Amino acid sequence: MVNFTMTRRGLLLGGLALMVSGCMPFARAVTPQTSAHNVRIDPRFRRQRVRYYGSEPAGMIVVNTSERHLYAVEPDGWATRYGVGVGQEGLSLKGIATIGRKAEWPSWTPTANMMRRKPHLVQYAGGVPGGPQNPLGARALYLYRNGNDTMFRLHGTNEPWTIGTAVSSGCIRLTNEDIIDLYDRTPEGTRVLVI
């Protein structure tokens, strides 16, 4: 049997060596552009490039709420797939919409319906300014139909551990890193299909 004695200095030097070697999977710089929490996302919901077999054209976004995935459709049968958090049962937008507006670090105000369902949200009736504590996260893509805001969004989150769950009031949430990536590649006018 081997007997190990650990000193504070040994622990500090060993931890420093692990950090320098890149072996600490949870360690990363946290900036306003990244998630506020160092969390591990289920590998099924990490962003990746995948084959896409749907009939939607390149440039379209497809959100499959039952899979908890969003697909940014690319040419030649490919897509970038993102893990998402979706609306609770009965609260999600379905069908076709268009990105009618984009915002960086958007402000957020709960809707009247949200405040009825969750009375504790009344404290935010005056709005929450954009920033790391805002529920919309780093970016928002506003979904419109017939020129009108649907009040549904594709947006970041200050709760990245909710990716892969049905937790929102209907919006589609991505990690802040993923919404920044999607935001940068998605122009206003892009069509979105939510199934």
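As a reminder, the structure under discussion sits directly above these lines.
Below: a short report on this structure. Since this is a predicted model, take the numbers as computed values, not measurements. (Residues numbered from 1 in each chain as written. Predicted model: local features only at pLDDT ≥ 70, side-chain atom pairs only at ≥ 80, totals over all residues. Heavy atoms only, no water.)

Observations concerning the nonpolar core
Counting residues in hydrophobic clusters, the biggest one holds 21 residues, and the most contacted among them are V63, L70, L143, L154, L174, L182 and V192. When contributions to this core are tallied by element, the ones reaching two or more residues are β2 (61-64), β3 (69-74), β6 (95-104), β7 (139-145), β8 (148-155), α3 (176-185) and β11 (191-194). It is α3 that contributes the most residues to this core, 3 residues altogether. Residues within four places of L182 in sequence aside, it is in contact with I61, L70, A72, Y82, L141, L154 and L174. (Core = buried A, V, L, I, M, F, W, Y, C linked by side-chain atoms within 4.5 Å. Buried < 20%, exposed > 50% of the residue type's maximum accessible area, 1.4 Å probe, protein only. Helix = DSSP H or I, 4+ residues; strand = E, 2+ residues; numbered from the N terminus. Contact = heavy atoms within 4.5 Å.)

Quick word on the sheet that holds strand β4 (residues 78-83)
Spatially, β1-β4-β3-β2-β11-β6-β7-β8-β10 is the arrangement adopted by the 9 strands of the open sheet, whose pairing is mixed. The open sheet is flanked by β1 (48-51) and β10 (172-173), the only strands paired with a single partner. Pairing of β8 with β10, which is carried by 2 bridges, proceeds in the parallel orientation. The partner of L154 across the bridge, within β10, is I172. Across the sheet, α3 lies against β2, β3, β4, β6, β7 and β8, angled at about 55° from β7, the strand it touches most. (Pairing = 2+ DSSP bridges. Axes fitted to C-alpha atoms, helices over the stretch in contact; angles between N-to-C directions.)

Focus on the packing of aromatic side chains
Summed over the entire model, instances satisfying the criterion amount to 2 aromatic pairs. Note on Y52 and Y71: the rings are 5.5 Å apart at their centroids and 50° apart in plane angle, and the pair reads as tilted. With Y52 in the loop between β1 and β2 and Y71 in strand β3, the pair connects residues that are 19 residues apart, well separated along the chain. Accessibility assignment for this pair places Y52 and Y71 in one class, buried. Each ring, one from W108 and one from Y124, has its centre 6.0 Å from the other, and the planes form 50°; the classification is tilted. (Phe/Tyr/Trp six-rings, centres within 6.5 Å; stacked < 30°, edge-to-face > 60°.)

Concerning the side chain of T157
Looking at the element boundaries, T157 is found in the loop between β8 and β9 (166-168). On the accessibility criterion, T157 (1% relative accessible area) is buried. If we ignore the near neighbours within four places in the chain, the residues touching T157 are P135, L136, G137, T162, I163, R173, L174, T175 and N176.

Examining the side chain of T190
Relative to the helices and strands, T190 resides in the loop between α3 and β11. Owing to a relative accessible area of 8%, T190 belongs among the buried residues under this scheme. Here the side chain of T190 touches P187 through a polar contact of 2.7 Å, landing on its backbone oxygen. In this view, T190 contacts G59, I61, A97, T98 and I99; residues no more than four positions away in its chain are not counted. (Polar contact = N/O pair within 3.5 Å; in protein donor to acceptor, adjacent residues only side chain to side chain.)

Here's the deal with the pattern of salt bridges
Counted under the stated rule, the structure contains 8 salt bridges. Among the salt bridges present, the one from E74 reaches R185, with a minimum N-O distance of 3.2 Å. Remark: R185 occurs in helix α3 and E74 occurs in strand β3; sequence separation between them is 111 residues. With a relative accessible area of 15%, E74 lands in the buried category. Given a relative accessible area of 40%, R185 falls into the partly exposed group. Among the charged side chains, a salt-bridge network with shared partners connects R47, R49, E74, D178, D181 and R185. (Salt bridge = Lys/Arg side-chain N within 4 Å of Asp/Glu carboxyl O.)

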